[in-house]
Amino acid sequence: MSSSDSKPGPKPGPWPPAPESSAMPPSTWAKRTGFRPKFSGEATATDSGQVPLPASVRARQPETQPDLEAGQPRLRPPPGPAVANGETDKEKKEKPPQPPPPPPPPPGAGPVKRRRDSDGATGRSNGPDGANGSGDPIRRPTRIEETVEVLPQSVDDDLVARSLHMKYGLRDTPGLVPIGFYGLQHYLSMLGSLILVPLVIVPAMGGSHEDIANVVSTVLFVCGITTLLHTSFGSRLPLIQGPSFVFLAPALAIINSPEFQGLNGNNNFKHIMRELQGAIIIGSAFQAVLGYSGLMSLILRLINPVVVAPTIAAVGLSFYSYGFPLVGKCLEIGVVQILLVVIFALYLRKISVLSHRIFLIYAVPLSLAITWATAFLLTEAGAYTYKGCDPNVPESNVVSSHCRKYMTRMKYCRVDTSQALRSAPWFRFPYPLQWGVPIFSWKMAIVMCVVSVIASVDSVGSYHASSLLVASRPPTRGVVSRAIGLEGFTSVLAGLWGTGTGSTTLTENVHTIAVTKMGSRRVVELGACVLVILSLVGKVGGFIASIPQVMVASLLCFMWAMFTALGLSNLRYSEAGSSRNIIIVGLSLFFSLSVPAYFQQYGISPSSNLSVPSYYQPYIVASHGPFKSQYKGVNYVMNTLLSMNMVIAFIMAVVLDNTVPGSKQERGVYVWSDSETVTREPALAKDYELPFRVGRFFRWVKWVGI
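Reference entry: report on the structure contained in this document.

What counts and what doesn't
- Residues numbered from 1 in each chain as written.
- Predicted model: local features only at pLDDT ≥ 70, side-chain atom pairs only at ≥ 80, totals over all residues.
- Heavy atoms only, no water.
- Salt bridge = Lys/Arg side-chain N within 4 Å of Asp/Glu carboxyl O.
- Helix = DSSP H or I, 4+ residues; strand = E, 2+ residues; numbered from the N terminus.
- Buried < 20%, exposed > 50% of the residue type's maximum accessible area, 1.4 Å probe, protein only.
- Core = buried A, V, L, I, M, F, W, Y, C linked by side-chain atoms within 4.5 Å.
- Contact = heavy atoms within 4.5 Å.
- Polar contact = N/O pair within 3.5 Å; in protein donor to acceptor, adjacent residues only side chain to side chain.
- Patch = residues over 30% accessible without salt bridge, like charges linked within 9 Å, V, L, I, M, F, W, Y side chains within 5 Å.
- Areas by Shrake-Rupley, 256 points an atom, 1.4 Å probe, with all protein chains shown as cover.

This brings us to the pattern of salt bridges. Close approach of charged atoms allows side chains with opposite charge to pair. Counted by the stated rule, this structure contains seven salt bridges. Ionic pairing is found between E259 and K443, a salt bridge with its closest N-O pair at 3.2 Å. Linking E259 in the loop between α8 (248–255) and α9 (265–292) with K443 in helix α18 (residues 442–470), this pair joins segments that are 184 residues apart in sequence. Overall, the relative accessible area of 38% leaves E259 in the partly exposed class.

In structure tokens form, the structure reads like this:
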């Protein structure tokens, strides 16, 4: 026997052989493991931001994937042509030839045990610890080079709905009972967004409990009408319209203008409401012109996730001075409210009853009901009753030092101080100009025009995110312009009816759709009709107006935190780990807090005796801001705008994102559908076309249609 025969041969490798991968120096953890950043808006990632598996591995994957939120399997999106953030591949490349199947195992080999690895590869394991028959560890690929599409290109509505894990798609029409149930669920989950804004601005205007009830009824009526208009003639997405938090800061700034300080009582409320109406009407008309003139199609080129994220996040962060300082007026009630809503929304979010996550969906109404009942029991038990003290007497008329000591506690902890429910009528029809003829002031109108642009930025982000959930594709630029134009028109209606704010797409829509998995516009339309009916029952507005102010502040702490997080979640469409994006977002957020703080604190000494509560001080900057010229109106506009966090964040983000070099993948540029896609896919036209053949009369207006 020769010496070559006596030498042992090479050790056999794993069976079947692992695919070859490019060599990569394992200098870092990321390079050793093949980790790649998540590009949620590009073709290199799925819609959930997960790194895709190779096609050969996806073919062997089971047809279900685990739902990380519910802990249950869900359908895997079916294969389709490449789509990235709504973008279709116009140039289809030929499919490369498939490699031949691996040869059969050698004779005498034992049974092959296949084990799925964390990266999706399979290996042969005849020995312990993942080793092959020779004792060598299995070599796995270190990088994933293939990509998977974000959205399937399909005209089958059921297929799209299943691929996106939605119970019902955009044009699905469930039965009457499911529509009613899901409609109630949808609106209850957004209860805080619908009712909390009037509970803040009306007391700031000096309105009574009856005024709060009337404004709440008006808000419900306008929300129902504007939602019906938007789902029919706007974007046609299942998005609820309502009093957005974007309008809250400018409304408080107008309310605390120096020229209104001399008014008191009901005259103060009606006069300020008429000033707000005039400013909202002009600002909303400007927004309607932006949309219907086609200018919004050009502005869309400047609006991307890196702009939307810090702008919307700054809206939520700007109210930190209002949140917990008001909760501290009655800690045992306010803190319990915050803890309950956090427990329901986070710790109990996976608990399902009849396949519905009741604690996650109804976190706000459940926590409000429990806290309100607890406060009622404490009030009836005499916990906030003090001898010789009447909670209904104004604090300025209280002479006794003993009662004056407990007036704040009685005012904010008791639940029987409001007479709104008793005094509210059973039937009340909200009508236009119910507070009087609007007063038009150019300086306040300019402020609202700028705010309407920021509200449009908020709506653009909601359109894109919700369309990826419920529709076959994102809308065209013309549909977005049409929707922004209609939002301007509906905000004009809000100004005429006197809601105190404009009516725009609520940012919380995206979270609600993702949680309830209900994408049918019929559900939202039925809920809007119910809102209109409830607005006619005066007792409903009186009941909502009876919510103690501390509970309102506690819910707002949660809602504003959610608003901030929803804004930052838009970064999932960009390369969030990019140093470019990190610096832009960081600078925008920091200066959105720091620059307004400079304006708000300018000219105020620590010993200043201000006539407004501490949580309203950020909104009186018009009377003492650093911008001083010979034109008082210009001073008002500049000091007010530059003291708003969202304005500074928007200016910083839009300038930096559009001047600092960066690829489309890195920036996560929004990709909207085009006319060629509409022609090729009938499902896209059906999703966004106007009903009752109205669209055929406006086909010549290319910039507001599909």
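Structure's up, so let's keep going.
On to the nonpolar core, then. By size, the foremost hydrophobic cluster in this structure holds 126 residues, and its most contacted members are I201, M205, F245, L248, L252 and I547. The dominant element in this core, judged by the number of residues it contributes, is α18, at twelve residues. Not counting residues up to four positions away in its chain, the partners in contact with M205 are I255, N268, F269, I272, M273 and L276. Judged by nonpolar contacts, the second largest core, of seven residues, contains V306, A313, L571 and V585.

Right, let's get into the side chain of S452. If you trace the backbone, S452 turns up in helix α18. Look at S452 and you get buried, because its relative accessible area is 2%. For S452, the side chain forms a polar contact with the main-chain oxygen of G283, separated by 3.4 Å. Apart from the residues within four sequence positions on either side, S452 is in contact with G283, F286 and Q287.

Here we take up a nonpolar patch on the surface. Together, F324, L331, V335, L339, I343, L346 and Y347 give the surface a local cluster of nonpolar side chains, amounting to about 690 Å² of exposed area. The biggest single contributor to the nonpolar patch is helix α13 (residues 331–347), with six residues. Relative to the helices and strands, F324 is located in helix α12 (residues 323–327). Residue F324 is classed as partly exposed on the basis of its relative accessible area, which comes to 45%.

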